[in-house]
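# Secondary and tertiary structure notes
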Amino acid sequence: MKIIHVDDYYEMSKRAAEIVSNQLKLKPDSVLGLATGDTPLGMYRELIKKYKGAHIDFSKVKTFNLDEYCNLNKNNKQSYSYYMRENFFKHINISRRNINIPNGMAKDITKETFEYERKIINSGGIDLQILGIGTNGHIGFNEPQVKFEALTHMVNLDKQTIRDNARFFNSIEEVPTKAISMGIKTIMHARKIILLASGIKKAHVVYKSIYGEIKPTMPASVLQLHQNVICIVDKEASSKLYLNKSIRFLGGN
Ligand code: GLP
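Please read all numbers here as calculations on a predicted model, not as lab measurements.

## Considering the pairing of strand β3 (residues 62-65)
Walk down a regular strand and you will see the side chains alternate between the two sheet faces. Both strand β2 (residues 31-34) and β3 contribute to a ladder of four bridges, which runs parallel. Note on β3: the bridge partner recorded for V31 is K62. Crossover β2 to β3 through helix α2 (residues 41-52) is right-handed. One ladder, built from two bridges, connects β3 with strand β5 (residues 99-100); its direction is parallel. Across the sheet, T63 pairs through a bridge with I99, a residue of β5.

This is the structure we're talking about:
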């Protein structure tokens, strides 16, 4: 795992956007795995700037989002479809047919999860996957106790996740309790992964994911087994990593 240390959220976002942009220069028809939440918002803003400055082109890019809530219409402002459209897709030249987000309103959720996985495989697999991390160590919506061998599936959201995400809804009762998420195995099949973390509330899970035991109760710890992960952390998120300075040496730059 390569660890890139940056000062703050802004720098984290710029570094991530640079990596995505370089990926598209090398392979204009890349398949990107995308994330939602507060963490990647700055990266999307930077990518939009690069697109408007004619530095990158999304016309051949395909995207697969990590997850989506069940039972939220895609026009609901809290749905991840809405988030992606408003914060990224409507500002760039991506073709609508190249955008993939799990359909949490599907009548047959199991069928939807199989089809989503099949679409990823048929696209040639994910070249670059963007990840944030939940305060319980989840990636996508792979909550603690997830099976590492899981492909795209329906999840019951963890109480901690429901509490964390309640800030986007009028009340905690409105937060959906189920979602569709790429599985850990789906994520681990990506050729390259960028894990983004910013802020003090992520410090403990960043530490456990990078240096802790690899176990399903800390889903992001599985990333230690991937050959090509870049973790971009700001000062606050990395503040627990180097309490013992000698450990810093193991982490890279
Ligand atoms: C959500 C998403 C994750 C995201 C995480 C962290 O529940 N499903 O993909 O990484 O929470 O969110 P934030 O970036 O807002 O801290």
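## Observations regarding the confidence of the model for the protein chain
Residue-level pLDDT values for the protein chain average 94, and 96% of them are 70 or greater. Throughout residues 246-253 the model reports pLDDT below 50, and contacts reaching past four residues in sequence, or to other chains, amount to 14 contacts.

## Here we look at the sheet that holds β5
The strands making up a sheet associate through hydrogen bonds between their backbones, and the pairing can be parallel or antiparallel. In space, the seven strands of this open sheet follow the order β1-β10-β9-β6-β2-β3-β5, with parallel pairing throughout. Lying at the two open borders of the sheet, with one neighbouring strand each, are β1 (2-6) and β5. Inspection of the sheet shows strand β6 (residues 128-131) paired to strand β9 (residues 192-197) by four bridges, in the parallel sense. Looking at the pairing, L128 lines up with K192 of β9.

## With respect to the pairing of strand β10 (residues 229-234)
The buried count for β10 comes to six of six residues, which makes it a mostly enclosed element. Residues V229, C231 and V233 point to one face of β10 and I230, I232 and D234 to the other, with burial holding for every one of them. By the bridge criterion, five bridges tie β1 to β10 in an arrangement that is parallel. Directly across from I3, in β10, lies its bridge partner C231. Examined bridge by bridge, β9 and β10 share five bridges and lie parallel to one another. Bridge pairing in β10 links A197 to V233.

## Re the site of the ligand
Among the 14 residues in the neighbourhood of the ligand, the closest are listed as D38, T39, D67, R167 and K202. Between an oxygen atom of the ligand and a main-chain N or O atom of I133, the distance comes to 3.5 Å. The separation between a nitrogen atom of the ligand and a polar main-chain atom of G140 is 3.3 Å. Its residues placed into classes, the shell around the ligand shows three nonpolar, seven polar and four charged.

About the cut-offs
- Residues numbered from 1 in each chain as written.
- Predicted model: local features only at pLDDT ≥ 70, side-chain atom pairs only at ≥ 80, totals over all residues.
- Heavy atoms only, no water.
- Pairing = 2+ DSSP bridges.
- Helix = DSSP H or I, 4+ residues; strand = E, 2+ residues; numbered from the N terminus.
- Right-handed = clockwise from strand over helix to strand, strands pointing away.
- pLDDT = per-residue confidence, 0-100.
- Contact = heavy atoms within 4.5 Å.
- Buried < 20%, exposed > 50% of the residue type's maximum accessible area, 1.4 Å probe, protein only.
- Near = heavy atom within 4 Å.
- Polar contact = N/O pair within 3.5 Å; in protein donor to acceptor, adjacent residues only side chain to side chain.
- Nonpolar A, V, L, I, M, F, W, Y, C, P; charged D, E, K, R; others polar.

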